[in-house]
Amino acid sequence: MIVDRIEIIPIRVPTRVPMTLSTVTLTSHDNVIVRVWSGGVAGLGEAEPFPGFQGCEESQSSVVQSIRDRLVPVVLGRRTSELVALDEAVTAAAPDAPYARAGVINALHDLLARQLGVPLHALLGGKTRDRLPTVTTLGISDPTRMVREAEAAIGRGYRSLKLKIGAGSVESDAEAVSMVRRSVGPAIGLRVDANAALSRAAARTEVNLLAPVNLDLFAQPLAKEDTHGASHLVADGRVPIMPDESLTNARSALALILAGAASIFGMKLAKHGGIRQGLVVAAVAQAAGLPIQPGNQPSTSIGSATAAHFFAAQPGATLAGDFNVGPTGWLADDIVKESLTVVDGAAVVP
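What you see is a predicted model; the values in this text were computed from it and never measured.

Student: Report on the environment of Val72, specifying residues and quantitative values.
Tutor: Considering the arrangement of structural elements, one finds Val72 in helix 1 (residues 60-75). Val72 sits in the buried class, given a relative accessible area of 14%. Spatially, the C-alpha atom of Val72 lies 8.7 Å from that of Val104, the residues being 32 residues apart in sequence. Beyond its immediate stretch of four places on either side in the chain, Val72 contacts Ile6, Ile8 and Ile67.

Here it is as structure tokens:
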């Protein structure tokens, strides 16, 4: 039950279609697979750096370097059952590298679960549901194309859509979202995500224009540090506000609660530093009575399965979440033999 070897495997996976966000168009994702060995048993994790988004200051190359130079030395030779102590050790070794830490910590959890012969969710208290409602993301493009992509997503079984906004004018955003709403009808969940691109004035105008569209939530309208501005949008109450870039660790979670700057917590294990720190963030949300949107950064089925097990064990994770797996999500392919499946708009917990 001793960690004796760690593999670091960088990968590049193309996106299914070019994904345009408020500041960049993505054509691929560069992630890192982490395989932690103990004897003949291996646990898998995935580091999902998203440079420039969700507060991510890491890249694939920096993740590889952080794991190799800072995390491997403090993990090798440790008992696989010491998950809390291991998390403390890797956090101390790389406090500025949550994405790298997440790959290692999640692999360590998977390893212990395999050694014990139980599903990962069993280490976290057991699953509360077998399926997690899933949202698919539409990048910024002309409204006609967004309508076509929305209709195609519904044809693949999705019942919730997330539309990226923030690259053009608020009027063009509102036109695109309104056209999608008219096309898909009132029963489909609809949300928007500005990736911190809007000013306070633009965000207020956007909320006024989009409130009649009946949005499930508005993700990160303002800059990540502008909790004061976000608190005014929350107090307005017209559209639920979900911090994403602003929500990184337990300290930021508490600060958002105290500022009244969140209606919903948008969680992703990668930006929190992995499963152990994610549990703390989820506990803050539960204490404050806030629902959780479960999710993960664009990943293969390895990262998506980790997220599915984690959020299945969180009773507050009730909203449709981001599980970007292969052709059903952002990516054009997968690296596992049996991909995580999305059935009737829900991710099946494997």
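Now that the structure has been shown, we can carry on.
Student: Can you tell me about the pattern of salt bridges, naming the residues and giving the values?
Tutor: Enumeration according to the criterion identifies 15 salt bridges in this entry. The shortest N-O distance in the salt bridge between Arg114 and Asp110 comes to 2.7 Å. Of this pair, Arg114 and Asp110 both sit in helix 3 (residues 98-116), 4 residues apart, which is roughly one turn of that helix. Ionic pairing is found between Glu149 and Arg145, a salt bridge with its closest N-O pair at 3.1 Å. One end of the pair is Glu149 and the other is Arg145, both in helix 5 (residues 143-155) and 4 residues apart, which spans about a single turn. Residue class for Arg145 comes out partly exposed when judged on its relative accessible area of 30%.

Student: Please give an account of the layout of surface pockets that cites residues and values.
Tutor: The calculated volume of the largest pocket comes to roughly 490 Å³. Taken together, 20 residues line the largest pocket, and the ones lying closest to its centre are Asp110, Arg114, Ala305, His309 and Pro350. Secondary structure elements with two or more residues in the lining of the largest pocket: helix 3 and helix 12 (301-312). In terms of residues, the lining of the largest pocket owes the most to one element, helix 12, which gives 5 residues. The residue inventory of the lining of the largest pocket, partitioned by class, reads 12 nonpolar, 5 polar and 3 charged. Contributing to the lining of the second largest pocket are 19 residues, with Pro95, Pro98, Thr248, Asn249 and Lys271 lying nearest its centre. Taken together, the elements giving at least two residues each to the lining of the second largest pocket come down to helix 3, helix 9 (250-259) and helix 10 (269-272). The leading source of residues in the lining of the second largest pocket is helix 3, at 3 residues. Across the lining of the second largest pocket, the residue classes break down as 5 nonpolar, 7 polar and 7 charged.

Student: Tell me what's going on with the nonpolar core, and back it up with residues and numbers.
Tutor: Counting 32 residues, the largest nonpolar core has Leu161, Leu163, Val177, Val180 and Phe218 as its most contacted members. Secondary structure elements with two or more residues in this core: helix 5, strand 5 (160-164), helix 6 (170-184), strand 6 (189-193) and helix 7 (200-210). Of the residues forming this core, the biggest block, 6 residues, is contributed by helix 6. If sequence neighbours within four positions are ignored, Val180 has contacts with Met146, Val147, Ala150, Leu161, Leu163 and Leu190.

Definitions and cut-offs
- Residues numbered from 1 in each chain as written.
- Predicted model: local features only at pLDDT ≥ 70, side-chain atom pairs only at ≥ 80, totals over all residues.
- Heavy atoms only, no water.
- Helix = DSSP H or I, 4+ residues; strand = E, 2+ residues; numbered from the N terminus.
- Buried < 20%, exposed > 50% of the residue type's maximum accessible area, 1.4 Å probe, protein only.
- Contact = heavy atoms within 4.5 Å.
- Salt bridge = Lys/Arg side-chain N within 4 Å of Asp/Glu carboxyl O.
- 1 Å grid on protein atoms, 1.4 Å probe; cavity = no way out; pocket = protein on both sides within 12 Å on 5 of 7 lines; lining within 4 Å.
- Points joined across faces, edges and corners; volume = space filled by probe spheres on them.
- Nonpolar A, V, L, I, M, F, W, Y, C, P; charged D, E, K, R; others polar.
- Core = buried A, V, L, I, M, F, W, Y, C linked by side-chain atoms within 4.5 Å.

Just geometry here; none of it tells us what the structure is for.
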